[in-house]
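Listed below, chain by chain, are the residues.
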Amino acid sequence: MKMLLQDAVREQPLLGDGAMGTQLMIAGLEQGNCGEAWNLTHPERVLAIQRRYVEAGSDCLITNTFGGSRIMLTRHSEADHVVEVNKAGVEVAREAFGAKDGYVLGDIGPFGGLLQPFGEFTVEQVRSAFEEQAGALVDAGADAIIIETQTSLEELLIGIEAAQAAGSKCIIGSMAYDVTLDGSTFRTMMGIEPERAAEFMEEHGAHIVALNCGTGMEMERARDAVERYKRVTKLPVMVQPNAGKPQLINMKVVYDETPEQMVKGLLPLLKTGANIVGSCCGSTPEHIRAFRKVMDEFLASQSIEVNGGVRESQNL
Ligand SMILES: [Zn+2]
């Protein structure tokens, strides 16, 4: 039987994938349209993107279901297709792996609003939307659920509990941090610091603590975040920084970090003990290919250390 993701990454770090949203745009999705609906209407295009990530060396693929909750799909008049969209998302990712035994991470993104009393949504509405989505992802065979780009612990908890209710064997909580104006530290939009997030996730039964996206959270900052997580938890850590900062060029959002620039930060990240490394907005299969090369060199150097009896930089 396949090892659980949280156990596999304790043996050696795994490589995640890169962006989906910006890749869908390149494949013809127009801004503001529903990318998740493509799992049903253009599965071959989603498959082509994920195949490129597998060819580049990804061990884990995140399903194209970021906005696949009922609340998000209702905004695109796709509420009739919640289960199908999520099921197809898992199937496409599994197909992209072909014969490779990779991990399919069922993606749950933010519901895209605020909870009462700040916003119009009740906890029960969000819970029911996340439970429905998590259920569809797990039933379709996702190896894990990742609740990502989270900024509030309240919403994160609803996601974790929904994944538990769905019977997911691996639950990943992933926060989006922003560097503060003075540049001294980073926290989520709702003011959550990484130590607090990691402790909270462990306390509520998540298996892997993660960060993704964010503002100003490039490779160097991501390494800081991994260190801060590792100080308070023994859970594995997953990290997916953006490919630099978004710039508006000709009314298009472009991310400015090349694979060569970004990959410079990878070795320090691996040495800090990151267990899954991928990347978020703006990254491409070329970024992941560059990551694969450095990760393979890192793994080879580790096995030399093991053989020489000086296994000290193991990723536990
Ligand atoms: Zn992102």
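Located above this text is the structure these notes cover.
These figures come from a predicted structure and were not determined experimentally. (Residues numbered from 1 in each chain as written. Predicted model: local features only at pLDDT ≥ 70, side-chain atom pairs only at ≥ 80, totals over all residues. Heavy atoms only, no water.)

Here's the deal with the overall build of the protein
Here's step 1: Helices and strands together make up the secondary structure of the protein, namely 13 helices and twelve strands.
Here's step 2: Computed over its C-alpha atoms, the radius of gyration of the protein comes to 18 Å, within 12% of the 20 Å expected for a compact globule of 316 residues.
Here's step 3: Seen along its three principal axes, the alpha-carbon backbone of the protein occupies a region of about 60 × 50 × 40 Å.
Here's step 4: Taking all 316 residues of the protein together, the buried fraction comes to 55%.
Here's step 5: As displayed, the protein offers around 13,800 Å² of accessible surface, 53% of which is attributable to carbon and sulfur atoms.
Here's step 6: Between the mean site of the 28 positive side-chain charges and the mean site of the 44 negative ones, the protein shows a separation of 4 Å. (Helix = DSSP H or I, 4+ residues; strand = E, 2+ residues; numbered from the N terminus. Rg over C-alpha atoms; globule rule 2.2 N^0.38 Å. Buried < 20%, exposed > 50% of the residue type's maximum accessible area, 1.4 Å probe, protein only. Areas by Shrake-Rupley, 256 points an atom, 1.4 Å probe, with all protein chains shown as cover. Lys, Arg positive; Asp, Glu negative; His and termini not counted. Charge placed at Lys NZ, Arg CZ, Asp CG, Glu CD.)

Notes on the coordination of the zinc ion
Here's step 1: Looking at the metal site, the zinc ion is ligated by Cys 213 (SG), Cys 280 (SG) and Cys 281 (SG), spaced 2.1 to 2.3 Å from it.
Here's step 2: On the primary sequence, the residues serving as donors to the zinc ion are separated as C-x66-C-C. Separated by 68 residues along the polypeptide, Cys 213 in the loop between strand 8 (208-212) and helix 10 (219-232) and Cys 281 in the loop between strand 12 (276-277) and helix 13 (285-307) bring together distant segments of the chain.
Here's step 3: Taking relative accessible area as the criterion, Cys 213 reaches 16% and is therefore assigned buried. (Donors = N, O, S within 2.8 Å, 3.2 Å for Na, K, Ca; no water.)

Comments concerning the pattern of salt bridges
Here's step 1: For the structure shown, the criterion picks out 19 salt bridges.
Here's step 2: Where Asp 143 meets Lys 2, a salt bridge forms, and the shortest distance between an N and an O atom there is 3.3 Å. Highlighted residues: Asp 143 in the loop between helix 7 (123-139) and strand 4 (144-150) and Lys 2 in the segment before helix 1 (5-11), separated in sequence by 141 residues.
Here's step 3: The salt bridge partner of Arg 228 is Glu 193, with a shortest N-O separation of 3.3 Å. Note that Arg 228 is positioned in helix 10 and Glu 193 in the loop between strand 7 (186-187) and helix 9 (194-203), a separation of 35 residues in sequence.
Here's step 4: If you follow the salt bridges from partner to partner, you end up with Lys 2, Arg 94, Asp 101 and Asp 143 in one network. (Salt bridge = Lys/Arg side-chain N within 4 Å of Asp/Glu carboxyl O.)

A short note on a nonpolar patch on the surface
Here's step 1: Taken together, the side chains of Leu 114, Phe 118, Met 189 and Met 190 define a hydrophobic patch exposed on the protein surface, amounting to about 480 Å² of accessible area.
Here's step 2: Inspection of the secondary structure assignment puts Met 190 in the loop between strand 7 and helix 9. (Patch = residues over 30% accessible without salt bridge, like charges linked within 9 Å, V, L, I, M, F, W, Y side chains within 5 Å.)

A word on the environment of Glu 195
Here's step 1: By the element assignment, Glu 195 lies in helix 9.
Here's step 2: In the structure, Glu 195 is positioned 36 residues away from Arg 231 in sequence and 7.9 Å away in space, judged by C-alpha atoms.
Here's step 3: Those residues in contact with Glu 195 that sit more than four places away from it in its chain are Arg 228 and Val 232. (Contact = heavy atoms within 4.5 Å.)

Some details on helix 7
Here's step 1: Across its 17 residues, helix 7 extends 24 Å between first and last C-alpha, which sits within 8% of the 24 Å expected from 1.5 Å per residue.
Here's step 2: Val 126, Arg 127, Ala 129, Phe 130, Gln 133, Ala 134, Gly 135, Ala 136, Leu 137 and Val 138 are the residues of helix 7 that are buried.
Here's step 3: Each element contacted by the buried residues of helix 7 is listed here: helix 5 (70-74), helix 6 (82-97), strand 3 (103-108), strand 4 and helix 8 (153-165).
Here's step 4: Looking one or two places after helix 7, you find Gly 141, whose phi comes out positive at around 105 degrees. (Expected span 1.5 Å × (residues − 1).)

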